[in-house]
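A structural walkthrough
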Amino acid sequence: MSEVTSRRELGRGERVLPGVFRLRLPLPWPGVPHCNAWAVVAGDGFVLFDTGMHQPDSLAHLERALEMCNLRLQDARLVVCTHAHSDHYGQAATIVQRAGCELWMHPNHQHMIRMAEDPAAVLARRLEVARQSGVPEEPLRAYAAERGSRETGIAGVIEPDRDLLPGVVVATDLGEWTVHETPGHAPSHVCLFQPERRLLISGDHLLGRISLYFDYGYTPDPVGEFLSSLDVVERLGARLCLPGHGRTFTDVHAHIQGNRELVGERLSRVLAAVAGEPLTAFEVVPHVYGDSLSTENAHWLLSKILCYLTHLEVTGKARRIPGEPERWTA
Ligand SMILES: [Zn+2]
Ligand SMILES: [Zn+2]
């Protein structure tokens with residue numbers, strides 16, 4: 001059903017402000033039907049923030065969305081990626097080649113390189129982590145079979161022409177955009193801010209409908225990094241947020257606060273779960289997310305639980321009991 005729906009979904013473009021266009025591009029994921037790329041006019045072309053995922057027909061969806069805004073792909077003067085997930089970076093190689101422009105992105109993108117260059121190794125590592133976290137063999141086999149046949153969503157690995165680090169500015173007709181490191185959701189995540197207009201291109205760091213995800217296994221404490229990144233963005237004082245999924249929103253402070261509260265609520269549920277007898281990460285999942293675990297969301301939910309447990313460990317509230325599988329206690 002969801003696959004049929006996503007096939008019918010088309011790329012769409014709309015102007016949200018003079019010189020700023022939202023390009024809404026379809027995704028094949030259940031519950032996440034599309035992502036946004038943002039085109040901001042710059043000179044005789046535009047800067048493209050994020051790219052959409054690489055899939056059959058994905059370039060046609062992007063071109064259709066651009067056409068609805070009277071823009072053409074070959075007029076992209078620069079591609080800027082908020083982070084190296086497939087839905088934000090997947091078409092970068094194709095676009096850069098078509099438009100003959102540069103790609104700017106944060107240098108901590110090894111998480112994507114590994115996925116794009118050796119998906120089998122990434123899957124093997126995920127299965128190892130899942131086994132270690134107490135996931136039984138049967139669902140693991142189903143997950144491996146389902147994931148093994150999936151595409152990475154990345155057209156090709158290209159290195160950024162320029163590292164997107166604080167101090168770099170992206171010039172557009174709306175003024176310059178400054179770069180702010182916001183790791184947590186992904187190690188390579190940055191937000192871009194236009195100070196005169198107080199516009200924030202937030203990637204997946206802030207979304208209109210609050211939804212948390214953290215890449216597990218690349219940095220010491222993704223949840224802690226995410227909370228610090230919320231402070232970074234709060235200090236900017238943005239008045240309009242252009243997110244990586246969904247519509248623009250203005251109550252940026254309330255969204256930041258909502259994210260903090262949701263993280264706090266998840267952490268206390270995880271802590272309460274391991275306060276009784278020691279549990280595996282897999283056994284913690286229903287305490288936080290009910291019985292919603294499926295092969296579709298298993299990796300997503302388990303990664304989050306492991307990130308919460310790791311944060312509780314780093315902050316001295318929980319500890320791991322080594323073993324096969326590993327268990328956790330308060
Ligand atoms: Zn992402
Ligand atoms: Zn995304």
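Just so it is clear, the model here is predicted, and its values are computed rather than measured. (Residues numbered from 1 in each chain as written. Chains lettered and ligands numbered in written order. Predicted model: local features only at pLDDT ≥ 70, side-chain atom pairs only at ≥ 80, totals over all residues. Heavy atoms only, no water.)

1. Things to note about the coordination of the zinc ion (ligand 1)
Going by this rule: Counted as donors are N, O and S atoms no farther than 2.8 Å from the metal, or 3.2 Å for Na, K and Ca; water is not among the atoms, and sites may therefore look incomplete. Here a site with four donors is tetrahedral if all angles are between 85 and 135 degrees, and a site with four or six donors is square planar or octahedral if opposite donors are over 155 degrees apart and the other angles are between 65 and 115; anything else gets the irregular label. Working definition: helices are DSSP H or I runs of at least four residues, strands are E runs of at least two. Numbering for both runs from the N terminus. To sort residues, take the accessible area from a 1.4 Å probe on protein chains only and compare it with the maximum for the residue type: under 20% means buried, over 50% means exposed, and anything in between is partly exposed.
Around the zinc ion (ligand 1), the donor atoms from the protein are His83 (NE2), His85 (ND1), His185 (NE2) and Asp204 (OD), and they sit 2.1 to 2.3 Å away. Of note is the zinc ion (ligand 1), whose four donor atoms meet at the metal with angles of 90 to 170° in an arrangement that counts as irregular. Read in sequence order, the donor residues for the zinc ion (ligand 1) give the motif H-x1-H-x99-H-x18-D. The zinc ion (ligand 2) is placed at 3.5 Å from the zinc ion (ligand 1), the two being bridged by Asp204. With His83 in the loop between β5 (76-80) and α3 (86-89) and His185 in the loop between β9 (175-181) and β10 (190-194), this residue pair connects regions lying 102 residues apart in the sequence. Classification of His83 by relative accessible area gives buried; the value is 0%. The buried category is assigned to His185, whose relative accessible area is 7%.

2. With respect to the nonpolar core
To keep it simple, the criterion reads: The nonpolar core is taken to be a set of buried Ala, Val, Leu, Ile, Met, Phe, Trp, Tyr and Cys residues, with the residues joined through side-chain atoms within 4.5 Å. Two residues form a contact once any of their heavy atoms are found within 4.5 Å.
Of all hydrophobic cores here, the largest spans 44 residues; its most connected members are Leu200, Leu206, Ile305 and Tyr308. Of all the secondary structure elements, the ones that give two or more residues to this core are α6 (119-132), α7 (137-148), β10, α8 (222-236), α9 (252-275), α10 (281-289) and α11 (298-314). Looking at this core element by element, the count peaks at eight residues for α11. Sequence-distant contacts of Leu206, defined by excluding residues within four places in its chain, comprise Leu200, Leu230, Val233, Cys241, Pro243, Phe249, Val252, His255, Ile256 and Asn259. In this structure, Leu59, Ala65, Leu66 and Met105 belong to the second largest nonpolar core, which totals 32 residues.

3. Description of the coordination of the zinc ion (ligand 2)
Ligation of the zinc ion (ligand 2) by protein atoms is provided by Asp87 (OD), His88 (NE2), Asp204 (OD) and His245 (NE2), these donors lying 2.1 to 2.2 Å from the ion. Given four donor atoms and angles of 88 to 153° at the metal, the environment of the zinc ion (ligand 2) is assigned as irregular. Expressed as a motif, the donor residue spacing for the zinc ion (ligand 2) is D-H-x115-D-x40-H. Relative accessible area serves as the criterion here: at 3%, Asp87 is assigned to the buried category.

4. Details of the environment of Thr51
Where we set the bar: Definition of a polar contact: a pair of N or O atoms within 3.5 Å, with one able to donate and the other able to accept a hydrogen when the atoms are protein atoms, and with sequence-neighbouring residues admitted only if both atoms are side-chain atoms.
Examined against the element boundaries, Thr51 turns out to sit in the loop between β4 (45-49) and α2 (58-67). Note on Thr51: relative accessible area 0%, which makes it buried. Distance in space between the C-alpha atoms of Thr51 and Leu192 is 15 Å, their sequence separation being 141 residues. Those residues within four positions of Thr51 in sequence are excluded, and the remaining contacts are Leu25, Ala37, Leu62, Val79, Cys81, Asp87, His88, Tyr89, Gly90, Gln91, Ala92 and Ile95. Only 3.4 Å separates the side chain of Thr51 from the backbone nitrogen of Tyr89, close enough to count as a polar contact. At 3.3 Å, the side chain of Thr51 and the backbone nitrogen of Gly90 are in polar contact.

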